[in-house]
Amino acid sequence: MVQASPDFKRDLYYRMLLLRKAEESIIANYAQREMRSPPHMYIGHEAVAVGVCAALRKDDVIFPYYRSHGWYLAKGGDLKAMMAELHGRETGCSHGWGGSMHLIDIAAGVMGTSAIVAGTISHAAGAALAFKIRQQDRVAVVSFGDGATEEGVFHETLNFASLRKLPVIFICENNQYATNTHIRDRQAQPEIYRHAISHGMTGVRIDGNNVLGVYEETQKAVDRARRGEGPTLIEAMTYRIFEHCGVFTDYDLGYRTEEEAKEWQAKGPLEQAKDFVTEAEVAQMSADIEAQISEAFDYARSSPFPSVLFAQGVAQ
Amino acid sequence: MVQASPDFKRDLYYRMLLLRKAEESIIANYAQREMRSPPHMYIGHEAVAVGVCAALRKDDVIFPYYRSHGWYLAKGGDLKAMMAELHGRETGCSHGWGGSMHLIDIAAGVMGTSAIVAGTISHAAGAALAFKIRQQDRVAVVSFGDGATEEGVFHETLNFASLRKLPVIFICENNQYATNTHIRDRQAQPEIYRHAISHGMTGVRIDGNNVLGVYEETQKAVDRARRGEGPTLIEAMTYRIFEHCGVFTDYDLGYRTEEEAKEWQAKGPLEQAKDFVTEAEVAQMSADIEAQISEAFDYARSSPFPSVLFAQGVAQ
Amino acid sequence: MKFREAIRNATFQAMEGDPNVILMGVGIIDPRAVWGTLSGTLEKFGPDRVVEGPLAEDAITGMCIGAATLGIRSIMVHHRIDFVLLTMNQLINHAAKWRDMFGQQQHVPIVIRAVVGRGWGNGPQHTQSHHALYSHVPGIKTVVPTNAYDAKGLLLAAIEDDEPVVYIEHRWFHEDEGEVPEAYYLTPIGKAAVIREGTDVSLVAVGPMVPECQKAAQALAEEGISAEVIDVRTTHPLDVETIVKSVAKTGRLVVADSDWGPCGVAGEVIAAVTERAFDALKAAPVRIVWPHICVPSSQSIEALFYPGAAEIQAAALKVCSQMQRRALVESTIKGLDGPF
Amino acid sequence: MKFREAIRNATFQAMEGDPNVILMGVGIIDPRAVWGTLSGTLEKFGPDRVVEGPLAEDAITGMCIGAATLGIRSIMVHHRIDFVLLTMNQLINHAAKWRDMFGQQQHVPIVIRAVVGRGWGNGPQHTQSHHALYSHVPGIKTVVPTNAYDAKGLLLAAIEDDEPVVYIEHRWFHEDEGEVPEAYYLTPIGKAAVIREGTDVSLVAVGPMVPECQKAAQALAEEGISAEVIDVRTTHPLDVETIVKSVAKTGRLVVADSDWGPCGVAGEVIAAVTERAFDALKAAPVRIVWPHICVPSSQSIEALFYPGAAEIQAAALKVCSQMQRRALVESTIKGLDGPF
Ligand SMILES: Cc1ncc(C[n+]2csc(CCOP(=O)(O)OP(=O)(O)O)c2C)c(N)n1
Ligand SMILES: Cc1ncc(C[n+]2csc(CCOP(=O)(O)OP(=O)(O)O)c2C)c(N)n1
Ligand SMILES: [Mg+2]
Ligand SMILES: [Mg+2]
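Residues numbered from 1 in each chain as written. Chains lettered and ligands numbered in written order. Predicted model: local features only at pLDDT ≥ 70, side-chain atom pairs only at ≥ 80, totals over all residues. Heavy atoms only, no water.

A. How the structure looks around the overall build of chain A. Scanning chain A for helices and strands turns up 11 helices and 7 strands. Its C-alpha atoms give chain A a radius of gyration of 19 Å, near enough to 20 Å, the size a compact globule of 316 residues would have. Principal-axis analysis of the C-alpha atoms gives chain A an extent of 55 × 50 × 40 Å. Taking all 316 residues of chain A together, 66% fall into the buried category. Of the accessible surface of chain A, which amounts to about 10600 Å², a share of 50% is contributed by carbon and sulfur atoms. Once the 32 positive and 41 negative side-chain charges of chain A are each reduced to a mean point, those two points are 5 Å apart. (Helix = DSSP H or I, 4+ residues; strand = E, 2+ residues; numbered from the N terminus. Rg over C-alpha atoms; globule rule 2.2 N^0.38 Å. Buried < 20%, exposed > 50% of the residue type's maximum accessible area, 1.4 Å probe, protein only. Areas by Shrake-Rupley, 256 points an atom, 1.4 Å probe, with all protein chains shown as cover. Lys, Arg positive; Asp, Glu negative; His and termini not counted. Charge placed at Lys NZ, Arg CZ, Asp CG, Glu CD.)

Here's what the structure looks like:
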């Protein structure tokens, strides 16, 4: 395992803090009913997107799932355009057409997101195929949940990616729940990474809340992919703190206990990384991030709403 | 391994011979253009259907794929109704509506067949679910090819069947080709039975041309299923002698060699079982079977064609 | 009782009355119980009859078919109709074919309960309504209840039906109150309902456009136009007789659908009426449908997207104005005399 | 050159002209090469651009979308259109949404080449033609070539188009000969073709019903009825202008489609014409479509199933007879005089 530099670790922490505070600002303002879009909170998962994207180049591409705020920001998506999108504005990253589940930033390599579970798994393999055809050493990454691996397309895609040795990395964010159903009620053999092995490719399970670990495992996968040695499935164990969709916790529903959540929070992404930074640094980072966020909210709120249904050249 | 009685072995041979000769009669008569339906020949696979069905009860059910002539007969489907169906007659097992790919005999437990690859895999799991709900000790069996395991529904169904410990047996007839594409061009890890293991269920690969072996492995799976111990995937290695669909061989196409076919034929189902019977017995069986077949053809040819599109009570 | 309670009530009655009726779906044991429509089913009927599936809609649909060949009547529940697209192979290539392909020897009595979303920026993938797709293919029936009474009656009829029925349920009806008898009853599949009588124009509506047509009819009444409102209830098989009978009386037709236009149910209504009652038509029929573009997320364009009572009213005025002109013309001509 | 060769010719020209054009599909490297339409492509362009997929239609379609976001233009080939149903989630929930859902920043230039089968007992699962399903949803275009010239021109246009295009190809056209320029050319998507001029009745046809309408028009000519024949070529976006122009001239409309009726393209044509050209219609339009049941396997009922030139001719005579009656009526009235 390589020695990560203090600067690099600080940077990882900074990014995770950005993701966390951006979503906390959504939660804090959601009741104002200006963000009319179903938000799937990433809080608790931050180490996955940040650790993975830290191992990627700008010209690598990602195809996140609907729980995409974190991925969009970790890959370098524009914060203002994201907040504007959540506010349904013309200046939003999807010009107000997509909302929370459909963030995109092509320049940053955020190529497309879907509200359909497992919807983008095959897209990433297609992007990787394009890189292979063009003999580019770029990599495509897709993120999805543990539930997504129950959809047949997950296996169809692993088989093809493995067969063709495509430069694609499959990131499964295993938070053990699909909406409010536990994985034990859905999967006969819940070690998801093992499916990679039966498809003849590399599969590993790691602590998804350990940002350095995620980074290092991804770096290995990226190196293999760029060398033409094929795809990797990384099963990152993590936990969703808020309700499946929305800005509240849901311990009252009874499908999980607050204790369980507390245990996971104790080993959460920021908690595990807290010695990457000093308190002073955190304070300064927070101030800096909060400034960006309030600027983004001002931008969003002062932006116009989209006003036409049919763009230039779209047949009515 | 139990000692199979001579009678039982003779019976297995007889059934394989019935399947073989029934299809040979289709081939011999196909040029007369009376059987207007795309036939997917089972010749070469006989040991699979016969070995599996020998381990089933009459009240067990099967959901074969389009290569279904053999399964229909092995499970006890009516020969006359099958030939009438191939001739498109009202007396056909599907009253002329289905043709070669859609044989059915509910009384014999042949519940439905599909021309869509992997189409009936989930059906068998559904039937098994019905048995479980009703606490019946019946078993459901589905047959499909190696190509079918590339369809996502194969994995979706294995996961659910394994999770619920359903009394279903998955029979993969691995003849190494999907139409004219070899499995090496389609699957990254071609030991199909291993997918069962990553879904937490029993999976085995066996010689699909050894009828006793198929029978014994199926018997184990049936016993487990009836005891509520869940599903099994049996990967039966076999080989298709004729073209994918039709009554000719296709060595001229170049996707496979005649040598390859000859090697497989040498260890074919009947060849491996030839010491189950004496020459005299074979002669007598042949005579008996040929009599049934010509009777079936007479029946088919003398039967009326269907004449109405809309049956009683079907909205026009 | 509320629309959502009517669905729950029907589900309980069907499952209590017939041990072969089961529930299948993804997330149906969720404590939220599909917006309360399934509350208590797991507790009452247990995991063997309230079958939580993995995220495997295609396989689950196929299992409904396989179970159906053994006499099980499954209600497959989708939180959003958009997810039914993952099951099209089983629904259209299999379930819809099983009866005919096997010469009437097989029947697949399955109900596909599909919920349609709208609003709060749900966006293009969570707001579709595909009743036209299911209405096109033989071997499937499609119903769209618009009130609590029919929500129960159509669900029970769908469960009793021996062929696949797609039951399309609009989420914003869930809260609607209505008279729902506790007793078991059926709303016949294939029968439309004349929910308001009128003589000048027939407003034929599908799903959420039914209340919009009622609003429009009210407004039209104030302008002296008597509109008849028909809730098709079943989009296939369509009750052409009832619609033609109405148009034969009014001579004018406006069709409102909560879907896109091309190859949709609104166009089907117009085509069927024109074929059968051309001579009765006094003006060109009009359809009020969605603009032919994806459903946008932002509230500002969503407001531009969905047509409503106002558009229906305007269309009705348009088709009626032609009548008035003619009437006018006639009346003036009647008064004519002399060579000037 | 033959229809099948025109497809091959277009495929080679597109792939030679643009390195971003690739082929994807199941069984496309088969020596039979999709009935010869792809012969030599593997040898010429290699396995990186002639991408043989496993039996995983849904994943392959998704890969076409992902590759499209990087500028790849895929031609996804299906031996039978029935298999496209396995890909509906990617085609309708994804490909069709990508342009609008991301505010016009994404485009998925993919072509779904889907072959339609018929005859020789292919049966209910191998003979469908789902152009109505694809014509309903915004974000997808659907074309149905009926001759070798358009087979090439429409395929090249589909490949050039920046949005998904479903290219529906009827297998029994494969052998048809036609004039096909070697040069690169496009048949515009969204434009119908008037393939026979006439004044009494407009016969509007889709796919295999085009030659049937031509036969019918011939027969009608002998009975003194002048039929105009229109090949819609694109079922969405439908060229309503061309059709309306024709009906404005003839006043009579018969639509023939090789598909089921409800929510189909034939009904769409009738609805669109009735909405826009009601006053031009002299008689009720008629549609000639499949009976609403699965396509049977046996030749005897298959013969009862498929309508053809005879049904079209009969329908045309029916709509024209009404004209004659009116003419007759007028003429008799004109002759009237006196109080008897
Ligand atoms: C194909 C499909 N089926 C069902 C749904 C409804 N749904 C949305 S999110 C979700 C749970 C997915 O769980 P998982 O994949 O583990 O991701 P997580 O939300 O836990 O991050 C479900 C069932 C959907 N969007 N798409
Ligand atoms: C979903 C689907 N895709 C493609 C086809 C076309 N097709 C028919 S049989 C076949 C090959 C299937 O191979 P395998 O599953 O190995 O069965 P085998 O024919 O070798 O017994 C294909 C591709 C189909 N019928 N269904
Ligand atoms: Mg999860
Ligand atoms: Mg095979």
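From this point, the narrative continues.
B. The arrangement of the interface of chain D and chain C in detail. Between chain D and chain C, the residue contacts involve 51 residues of the former and 51 residues of the latter. The junction of chain D with chain C conceals about 4400 Å² of combined surface from both sides, 65% of it contributed by carbon and sulfur atoms. Per-residue buried area on chain D facing chain C is highest for D:H136, D:C263 and D:F278; these three make up 17% of the total on that side. At the boundary of chain D with chain C, the tally comes to 4 salt bridges. We note a salt bridge from C:E275 to D:R287, for which the minimum N-O separation is 3.1 Å. At the boundary of chain D with chain C, the tally comes to 22 residue pairs in polar contact (both at pLDDT 80 or more). (Contact = heavy atoms within 4.5 Å. Buried area = accessible area lost by both parts, 1.4 Å probe. Salt bridge = Lys/Arg side-chain N within 4 Å of Asp/Glu carboxyl O. Polar contact = N/O pair within 3.5 Å; in protein donor to acceptor, adjacent residues only side chain to side chain.)

C. Structural view of the coordination of the magnesium ion (ligand 3). The coordination sphere of the magnesium ion (ligand 3), as far as protein atoms go, consists of A:D146 (OD), A:N175 (OD1) and A:Y177 (O), spread over 2.0 to 2.1 Å. Given the relative accessible area of 6%, A:Y177 is considered buried. (Donors = N, O, S within 2.8 Å, 3.2 Å for Na, K, Ca; no water.)

D. Inspection of the confidence of the model for chain C at higher detail. Residue and element names in this part refer to chain C. Per-residue confidence for chain C gives a mean pLDDT of 94; residues scoring 70 or more make up 94%. Of the regions scoring below 50 in pLDDT, residues 325-340 engages in 1 contact with residues more than four places distant in sequence or in other chains. Taken together, the chains of this predicted complex give a pTM of 0.97 and an interface ipTM of 0.97. (pLDDT = per-residue confidence, 0-100.)

E. Up close: the site of ligand 1. Looking at ligand 1, there are 20 residues lining it, with A:Y66, A:R67, A:D146, A:Y177 and C:E57 nearest. Surrounding ligand 1 is a set of residues that belongs to chains A and C. A:Y66 places a polar side-chain atom, nitrogen or oxygen, 2.8 Å from an oxygen atom of ligand 1. Contact between ligand 1 and A:A148: an oxygen atom at 3.0 Å from a main-chain N or O atom of the residue. Considering ligand 1 on its own, with 580 Å² of exposed area, one finds that the protein chains cover 94% of that surface. (Near = heavy atom within 4 Å.)

F. Region of interest: the interface of chain C and chain B. Across the boundary between the two partners, chain C contributes 36 residues, which contact 36 residues of chain B. Both faces combined, the contact of chain C with chain B buries some 2800 Å², and carbon together with sulfur accounts for 64% of it. In this structure, B:K132 and C:D48 form a salt bridge, with 3.9 Å as the shortest nitrogen-oxygen distance. Where chain C touches chain B, the interface holds 11 residue pairs in polar contact (both at pLDDT 80 or more). For the side of chain C that touches chain B, the element with the highest residue contribution is helix α3 (residues 57-68) of chain C, accounting for 8 residues.

G. Summary view of the side chain of C:R252. Residues and elements named next belong to chain C. The topology assignment puts R252 in the loop between α9 (240-250) and β11 (253-260). Look at R252: it is buried, it has no salt bridge, and the nearest opposite charge is D200 at 5.3 Å. Reaching out from R252, the side chain makes a polar contact with the backbone oxygen of D200 at a distance of 3.0 Å. At a separation of 2.9 Å, a polar atom in the side chain of R252 contacts the main-chain carbonyl oxygen of T250.

H. Region of interest: the sheet that holds strand β6 (residues 165-170) of chain C. All names here are of chain C. Taken in spatial order, the 7 strands of this open sheet run β2-β1-β3-β4-β6-β5-β10, and their pairing is mixed. The sheet is open, and its two edges are formed by β2 (50-52) and β10 (234-236), each paired on a single side. Mean inter-strand twist for the sheet, computed between neighbouring axes without regard to direction, equals 20 degrees. Here strand β3 (residues 73-78) runs beside strand β4 (residues 111-116); their pairing, made up of 4 bridges, is parallel. In the sheet register, V77 faces β4, and the bridge partner there is R113. Seen against the sheet, α3 touches β1 (21-25) and β3 and runs at an angle of roughly 160 degrees to β3. (Pairing = 2+ DSSP bridges. Axes fitted to C-alpha atoms, helices over the stretch in contact; angles between N-to-C directions.)

I. Quick look at the environment of B:R138. By the secondary structure assignment, B:R138 is in the loop between α5 (121-133) and β2 (140-145). Apart from residues lying up to four places away in sequence, B:R138 is in contact with B:R57, B:D59, B:D60, B:V61, B:F131, B:P167, B:R226 and C:L70. In this structure the side chain of B:R138 is engaged in a polar contact, spanning 2.6 Å, whose partner is the backbone oxygen of B:D59.

J. Quick peek at the packing of helix α5 (residues 121-133) of chain A against helix α3 (residues 57-68) of chain D. Direction vectors running N to C along α5(A) and α3(D) enclose 60 degrees, while the axes themselves pass 6 Å from each other. Classified by the angle their axes make, α5(A) and α3(D) are oblique. You can see that α5(A) and α3(D) cross each other, and the crossing is right-handed. In this structure, α5(A) contributes A:S122, A:H123, A:A125, A:G126, A:A127 and A:A130 to the contact, and α3(D) contributes D:A59, D:G62, D:M63, D:I65, D:G66 and D:A67. The residue inventory of the contact of α5(A) with α3(D), partitioned by class, reads 7 nonpolar, 5 polar and no charged. (Parallel < 35°, antiparallel > 145°, perpendicular 65-115°, else oblique. Left-handed = near helix turned anticlockwise from the far one by under 90°. Nonpolar A, V, L, I, M, F, W, Y, C, P; charged D, E, K, R; others polar.)

K. Layout of the nonpolar core. In terms of nonpolar packing, the biggest core is built from 214 residues, with A:F170, A:L233, B:F170 and B:L233 touching the most fellow members. A:F170 has contacts with A:I121, A:V142, A:F144, A:T157, A:L158, A:A161, A:M201, A:P231, A:T232, A:L233 and A:I234, leaving out every residue within four places of it along the chain. (Core = buried A, V, L, I, M, F, W, Y, C linked by side-chain atoms within 4.5 Å.)

L. Looking closely at the sheet that holds strand β3 (residues 168-174) of chain B. Residues and elements named next belong to chain B. Sheet architecture is open: 5 strands sit in the order β1-β2-β3-β7-β6, paired in parallel fashion. Two strands lie at the open edges of the sheet, namely β1 (61-63) and β6 (202-207), each paired on one side alone. In this sheet, neighbouring strand axes are inclined to one another by 20 degrees on average, regardless of whether the strands run parallel or antiparallel. Relative to β2, α5 is tilted by about 170 degrees, and along the sheet it contacts β1, β2 and β3. Contacting β3, β6 and β7 (232-237), helix α8 (residues 211-226) crosses the sheet at an angle of about 165 degrees to β6.

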